[in-house]
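What the coordinates show
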Amino acid sequence: MTAIATTLRDRIGRDLERSASRARNGLGLIAGTRRSGVGMSPKRAVWRSGRAALYRYEGRRDAGLPPIVLVFSLVCRPYVLDLRPGHSFVEFLVDKGHDVYMVDWGVPEEADSENSLETYTLHYLPQIIEAARERSRAEQVNLLGYCLGGLLSVLALSAQPLPVNAFVSLATPIGLADMPVIANIVRTGLDVHNFIDETGNVPAEVIADAISMLKPTAAVVNYANLWQNLWNDEFVDAYQSFSGWSREHVPFPGRAFQQMSAFMTADALTTNSVVLDERDIDLGSVACPILCVLGSDDHLVPLSAAEGLEHVVGSKQFDELRVDTGHMGLMVGRKASTTVFPCIAEWLEKH
Amino acid sequence: MTTQSKLPPDSSSQASSARRPRQEQPRWRTVFNSVEAGATPKVEALVRSEGFARLVSAAVSVESAVQKQVRQYMSRYWHVFNLPAASDLTRLSQRIARLERNVAELVEASKQRPPT
């Protein structure tokens with residue numbers, strides 16, 4: 001009888017405590033007073049051109065490996081790679097003694113609407129790699145490209161000789177014709193200018209809508225998860241930082257978007273028919289060792305679109321890591337920190 | 001010879017998931033999960049279909065055409081009163097953007113020119 005009373009008392013106590021936490025966190029979220037810090041690892045800008053910037057992270061830098069340059073997508077903010085202290089890929093690498101650089105493409109404005117894929121792959125990336133190499137006094141760098149950042153990296157590596165020791169590709173879309181929903185829409189023959197606004201760019205809201213369309217029920221599921229775990233400070237912190245990031249899309253420069261649509265229509269990367277700056281680009285000229293990291297539940301860049309990399313590049317050494325997770329699960333969450341981060345670090349140490 | 005290998009996933013992730021106790025689900029969540037599990041595949045199949053793509057494509061085209069018509073009409077209306085329309089401001093801001101691009105190109109060129 002006493003045991004039942006104790007259990008009941010404990011349960012009531014726990015429920016009351018959770019209700020108080022739930023109310024506190026809920027009010028904090030609604031009022032906007034509850035904020036968690038993102039992109040907190042100390043860093044310094046070492047190169048700038050236009051809106052693009054290259055940041056170098058502070059740390060021991062004693063791993064004795066080439067510096068690593070992280071290249072993120074054009075349509076999202078890159079701080080997701082350094083989302084929260086204790087849950088950050090950048091922090092993980094810095095703690096391992098890597099010399100870490102991250103590219104921030106910035107938020108395109110009207111003046112950037114003419115930025116083409118050439119701007120990023122032939123103009124910015126070679127300068128960025130050179131800046132990192134010079135600053136670290138290294139002969140070569142390691143390159144890590146995520147999603148569209150991976151695509152830009154592959155194009156840059158194919159278009160010119162770059163001092164890159166090894167390349168890590170995360171969820172890089174290669175089979176563009178297999179990209180869900182958007183490839184279908186492009187195939188209908190819709191004039192892509194319809195997506196471009198008066199600034200000459202594709203608005204951030206259109207990017208956000210296109211991404212949320214791929215998983216229409218995700219928003220409802222996320223709210224259900226939040227409601228269920230509103231009492232849990234750690235969960236609410238993670239939710240807030242990640243959902244804040246996922247709402248912060250940036251416009252896509254109109255000219256680059258038109259080129260991407262043309263690539264999608266022609267499935268240009270799979271068929272090796274990429275033309276940049278009026279030159280045929282041979283993806284087979286990429287010869288550095290590659291680690292291709294894929295999420296088997298990736299809804300944004302499905303396996304069919306991402307796994308083609310090994311067939312188009314000419315690298316003699318190609319390793320693949322498949323993780324049972326989604327697109328962002330490769331960089332955020334438990335599987336990222338327990339599987340993806342250590343595997344990437346280990347692979348880089350071997351190359 | 002091309003070396004292709006599948007890296008083994010870190011075993012610690014499997015170990016930690018095995019140790020983790022299953023969270024007790026409230027009743028509302030169980031109901032929600034069963035509804036969501038039934039609805040999600042159907043909704044996803046719908047948005048990934050060719051028909052949906054054609055529908056979106058048509059909607060975007062119509063919206064774009066309507067916006068163009070409204071802009072032209074409003075522009076004529078404001079010009080009657082000798083006032084600038086949104087399209088005039090857009091043209092101006094596009095000119096400024098072009099100037100900004102030119103300045104950026106000049107700055108870039110001056111950086112690359114060797115000092116005399």
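Residues numbered from 1 in each chain as written. Chains lettered and ligands numbered in written order. Predicted model: local features only at pLDDT ≥ 70, side-chain atom pairs only at ≥ 80, totals over all residues. Heavy atoms only, no water.

1. Here's the deal with the overall build of chain B
Check the secondary structure of chain B and you find four helices and one strand. Counting helices and strands in the order they occur from the N terminus, chain B gives β-α-α-α-α. In chain B, buried positions account for 17% of the 116 residues. Only carbon and sulfur atoms are counted for the fraction: they give 61% of the accessible area of chain B, which is about 9600 Å². (Helix = DSSP H or I, 4+ residues; strand = E, 2+ residues; numbered from the N terminus. Buried < 20%, exposed > 50% of the residue type's maximum accessible area, 1.4 Å probe, protein only. Areas by Shrake-Rupley, 256 points an atom, 1.4 Å probe, with all protein chains shown as cover.)

2. Quick notes on the packing of helix H7 (residues 218–228) of chain A against helix H8 (residues 233–246) of chain A
Residue and element names in this part refer to chain A. Look at H7 against H8: their axes get within 9 Å of each other, and the N-to-C directions meet at 155°. In terms of orientation, H7 lies roughly antiparallel with respect to H8. Considering only the axes of H7 and H8, their crossing is left-handed. Here H7 contributes Asn 222, Tyr 223, Asn 225 and Leu 226 to the contact with H8, which in turn contributes Phe 235, Val 236 and Tyr 239. (Axes fitted to C-alpha atoms, helices over the stretch in contact; angles between N-to-C directions. Parallel < 35°, antiparallel > 145°, perpendicular 65-115°, else oblique. Left-handed = near helix turned anticlockwise from the far one by under 90°. Contact = heavy atoms within 4.5 Å.)

3. Concerning the pattern of salt bridges
According to the stated counting rule, one finds 21 salt bridges over all chains in the structure shown. With a closest N to O distance of 2.9 Å, Asp 233 of chain A and Arg 24 of chain A form a salt bridge. Residue Asp 233 of chain A is found in helix H8, and its partner Arg 24 of chain A is found in helix H1 (residues 2–31); the two are separated by 209 residues along the sequence. Exposure remark for Asp 233 of chain A: the relative accessible area of 33% places this residue in the partly exposed category. A relative accessible area of 47% places Arg 24 of chain A in the partly exposed class. In this structure, Arg 91 of chain B and Asp 88 of chain B form a salt bridge, with 2.8 Å as the shortest nitrogen-oxygen distance. Here the residue Arg 91 of chain B and the residue Asp 88 of chain B both occupy positions in helix H4 (residues 86–112), the gap between them amounting to three residues, near one helical turn. The structure contains a network of salt bridges with shared partners spanning Arg 44, Arg 56, Glu 58, Arg 61 and Asp 99 of chain A. (Salt bridge = Lys/Arg side-chain N within 4 Å of Asp/Glu carboxyl O.)

4. Examining the confidence of the model for chain B
Confidence along chain B averages 81 in pLDDT terms, with 78% of residues attaining 70 or more. The secondary structure element of chain B with the lowest average pLDDT is helix H1 (residues 11–19) of chain B, at 43, and the one with the highest is helix H2 (residues 27–47) of chain B, at 93. (pLDDT = per-residue confidence, 0-100.)

5. A look at a nonpolar patch on the surface
Side chains of Val 62, Val 66, Val 70, Tyr 73, Met 74, Tyr 77, Trp 78, Val 80, Phe 81 and Leu 83 of chain B sit close together on the surface and give an oily, nonpolar patch of about 990 Å² of accessible area. Inspection of the secondary structure assignment puts Tyr 73 of chain B in helix H3 (residues 50–80). (Patch = residues over 30% accessible without salt bridge, like charges linked within 9 Å, V, L, I, M, F, W, Y side chains within 5 Å.)

6. Focus on the environment of Pro 173 of chain A
All names here are of chain A. Secondary-structure assignment places Pro 173 in the loop between strand S6 (164–170) and helix H5 (182–187). Each C-alpha atom of the pair Pro 173 and Leu 303 lies 9.0 Å from the other, and the pair is 130 residues apart in sequence. With residues near it in sequence (within four places) discarded, Pro 173 still touches Cys 147, Leu 148, Leu 151, Met 179, Val 301 and Ala 305.

7. Quick look at the interface of chain A and chain B
On the side of chain B, 47 residues touch chain A, which itself brings 48 residues to the contact. Summed over both partners, the interface of chain A with chain B comes to about 3800 Å²; 51% of that surface belongs to carbon and sulfur atoms. Counting the contacts that link chain A with chain B gives two salt bridges. A salt bridge links Glu 100 of chain B to Arg 51 of chain A; the shortest N-O distance between them is 3.0 Å. Here chain A is connected to chain B by 16 residue pairs in polar contact (both at pLDDT 80 or more). Residues that form the side of chain A that touches chain B fall into these classes: 18 nonpolar, 16 polar and 14 charged. (Buried area = accessible area lost by both parts, 1.4 Å probe. Polar contact = N/O pair within 3.5 Å; in protein donor to acceptor, adjacent residues only side chain to side chain. Nonpolar A, V, L, I, M, F, W, Y, C, P; charged D, E, K, R; others polar.)

8. Observations regarding the nonpolar core
Trp 105 and Ile 344 of chain A are the most contacted members of the largest nonpolar core, which totals 113 residues. Excluding anything up to four places from it in sequence, Trp 105 of chain A contacts Arg 51, Ala 52, Val 71, Phe 72, Ser 73, Leu 74, Tyr 120, Tyr 124, Leu 125, Ile 128 and Leu 152 of chain A. (Core = buried A, V, L, I, M, F, W, Y, C linked by side-chain atoms within 4.5 Å.)

9. Topic: unusual backbone geometry
Residue and element names in this part refer to chain A. The backbone phi angle of Arg 61 is positive, close to 55°, even though this residue is not glycine. Mapping Arg 61 onto the fold places it in the loop between strand S2 (52–57) and strand S3 (68–71). On the basis of relative accessibility, which here comes to 29%, the residue Arg 61 falls in the partly exposed class. Despite not being glycine, Asn 272 shows a phi value in the positive range, around 50°. With respect to the helices and strands, the residue Asn 272 is situated in the loop between helix H9 (254–266) and strand S9 (274–276).

10. Digging into the pairing of strand S12 (residues 317–323) of chain A
All names here are of chain A. Most of S12 is tucked away, with five of its seven residues classed as buried. Inspection of the sheet shows strand S11 (residues 290–295) paired to S12 by six bridges, in the parallel sense. By the bridge assignment, Cys 292 is partnered in S12 with Glu 320. (Pairing = 2+ DSSP bridges.)

11. Describing the state of the cysteines
All names here are of chain A. In total, this model carries zero disulfides over all chains according to the counting rule given. The thiol sulfur of Cys 147 is not disulfide-bonded, and the nearest other cysteine sulfur, from Cys 76, lies at 7.2 Å. Considering cysteine sulfurs only, Cys 288 is the nearest to Cys 292, which forms no disulfide, with 12 Å between them. You can call Cys 292 buried: its relative accessible area is 2%. (Disulfide = S-S within 2.5 Å.)

12. What about the environment of Val 141 of chain A?
All names here are of chain A. Within the secondary structure layout, Val 141 lies in strand S5 (residues 141–146). According to the relative accessible area criterion, Val 141 is buried, its value standing at 0%. Each C-alpha atom, one on Val 141 and one on His 311, is 24 Å from the other, the two residues being 170 residues apart in sequence. With residues near it in sequence (within four places) discarded, Val 141 still touches Pro 66, Pro 67, Val 69, Ile 129, Ala 132, Arg 133, Pro 163, Val 164, Asn 165 and Ala 166.

13. What to know about the pairing of S2 of chain A
Residues and elements named next belong to chain A. When you tally the buried positions in S2, you get six out of six residues, the bulk of the element. The alternating pattern of S2 places Ala 52, Leu 54 and Arg 56 on one face and Ala 53, Tyr 55 and Tyr 57 on the opposite face, and all of these are buried. Hairpin remark: strand S1 (residues 43–49) followed by S2, antiparallel, with two residues in the connecting loop; positive phi at Gly 50, about 60°. Of the pairings in the sheet, the one linking S2 to strand S4 (residues 100–104) comprises four bridges and is antiparallel in character. Bridged to Ala 53 within S4 is Asp 104.

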